[in-house]
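Observations on the model geometry
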Amino acid sequence: MAKKAVLIGINYPGTKIELKGCVNDVHRMHKCLVDQYGFSEKDITVLIDTDDSYTQPTGKNIRNALSELITPAKPGDVLFVHYSGHGTRVPLEEGEEDDTGFDECIVPCDMNPIPDDDFRDLVDQVPSGCKLTFVSDSCHSGGLIDGAKEHIGESTNKNRNQEPKAYFFEREIWNFFYSVLMKFLALCGIWRSQEEQDKIEITARYEVGKSRYLPMESFINVLEEKTGKDNIEIGKIRPTLFDVFGEDASPKVKKFIKAMLTKLDQSGLVESGREIYRGGSSKGLVPDRGILLSGCQTDETSADVKKSGEAYGAFSNAIQMVLSEGGGEKDKITNRELVLRAREMLKEQGFTQRPGLYCNDRFVDAPFIC
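Rules used throughout
- Residues numbered from 1 in each chain as written.
- Predicted model: local features only at pLDDT ≥ 70, side-chain atom pairs only at ≥ 80, totals over all residues.
- Heavy atoms only, no water.
- Helix = DSSP H or I, 4+ residues; strand = E, 2+ residues; numbered from the N terminus.
- Polar contact = N/O pair within 3.5 Å; in protein donor to acceptor, adjacent residues only side chain to side chain.
- Contact = heavy atoms within 4.5 Å.
- Buried < 20%, exposed > 50% of the residue type's maximum accessible area, 1.4 Å probe, protein only.
- Pairing = 2+ DSSP bridges.
- pLDDT = per-residue confidence, 0-100.
- Axes fitted to C-alpha atoms, helices over the stretch in contact; angles between N-to-C directions.

1. Brief notes about the side chain of Asp110
Relative to the helices and strands, Asp110 is located in the loop between strand S5 (102-106) and strand S6 (114-115). In this structure the side chain of Asp110 is engaged in a polar contact, spanning 3.1 Å, whose partner is the backbone nitrogen of Gly59. Ignoring sequence-local partners within four residues, the contact set of Asp110 consists of Thr58, Gly59, Lys226 and Phe245.

See the structure below:
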């Protein structure tokens, strides 16, 4: 039985969206895997953006690392992925369905996002007799394996009111102007956001209380800086991503472009001469072998914090604290127990984020990792 892992930590150094604790999360998880779970260092792939001697966590490199983790796997192998970095979400295309109402994405260092559909495709490739445990300490992480069954969480409630997609772009534009107004009022000292109020409460004990959420406005700003484009529109994110990253873009993006070109071709406007999308989905035909432990719900943010000079993700830190308890049985804690205890710990520390567990029934009370 092989034990293999991919650990991804992105601090986005030198950018307006810089974080502090993501790479530290990776180093702590690396030590945990080796010391507590018997992983060999040669079987742990690390992608971080603060040291050029490591593979950089671009969208292409992350996808390649995940593919190299899953493709050679054999029955009995243990597969593990940890991600610490920004998360974002984009609206669904017309006609799409999703339990959460959005595409939840992780944000690589080059702004080439990886959406929940891509993680679903990867999980569907996990061979029989294996399981893939995915810990994501990022915002909106509650839906990162598309269609995974929710056991602990409030992200995929079918009865909740979901925002009509037709109003998403109007809301984003309104949010932009609203944020400008609120920033002006804040400068005048007559208004304080709820996030800032929460931050004040948290920083009573922590030096920093920063969100790992990347709003669409900020995502577009950084994407423009990295690409040199200055006219990226909210409603044209997927075409822009394909234009910038081409075949290195998400399979979900390439599928969208292919459908768009096919539609135009049927109208006699363009020729669609090449296969753009190479991904696929089992659509429930393959047993779910993925386990997602999310740092928060799909509509929540995960905190990047600092205490006593050490920066880390609030959820990642809670996991390490829970695993350090319990003596010799600490490596036998179940997925359910770990998430529930992390939830309680974060609540006691003053954080509002609520970790979640998404997986097949048979993994709920199985040991964490192995």
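2. A few points about the pairing of strand S3 (residues 78-84)
Of all seven residues that make up S3, seven are buried, and the element is covered over most of its length. Of the two faces of S3, the one carrying Val78, Phe80, His82 and Ser84 and the one carrying Leu79, Val81 and Tyr83 are both buried. Examined bridge by bridge, strand S1 (residues 3-9) and S3 share seven bridges and lie parallel to one another. The residue bridging Val6 from the neighbouring strand is Val81, located in S3. With seven bridges connecting them, S3 and strand S7 (residues 131-137) associate as parallel partners. Bridge pairing in S7 links Tyr83 to Ser136.

3. So, unusual backbone geometry
Backbone geometry at Tyr12 places phi at a positive 55 degrees, although glycine is not the residue there. Within the element layout of this structure, Tyr12 appears in the loop between S1 and helix H1 (22-37). Phi is positive for Met111, which is not a glycine, with a value near 65 degrees. Along the chain, the position of Met111 falls in the loop between S5 and S6. In this structure Met111 comes out as buried when scored by relative accessible area, which is 0%.

4. Things to note about the confidence of the model for the protein
With 74% of its residues at a pLDDT of 70 or more, the protein has an overall mean of 81. Of the regions scoring below 50 in pLDDT, residues 158-168 engages in 21 contacts with residues more than four places distant in sequence or in other chains. In this model, residues 267-286 is a region of pLDDT below 50 whose contacts with residues beyond four sequence positions or in other chains number 32 contacts.

5. Focus: the sheet that holds S1
Read across the open sheet, the seven strands follow the order S2-S1-S3-S7-S10-S13-S8; overall the sheet is mixed. The sheet terminates laterally at strand S2 (44-48) and strand S8 (150-152), the two strands that pair on one side only. On average, adjacent strands in this sheet sit at an angle of 15 degrees to one another, irrespective of strand direction. In terms of strand pairing, S1 meets S2 through five bridges, oriented parallel. Paired with Leu7 across the two strands is Val46, which belongs to S2. Of the strands in this sheet, S1, S2, S3 and S7 touch helix H2 (residues 59-70), which is tilted by about 170 degrees from S1.

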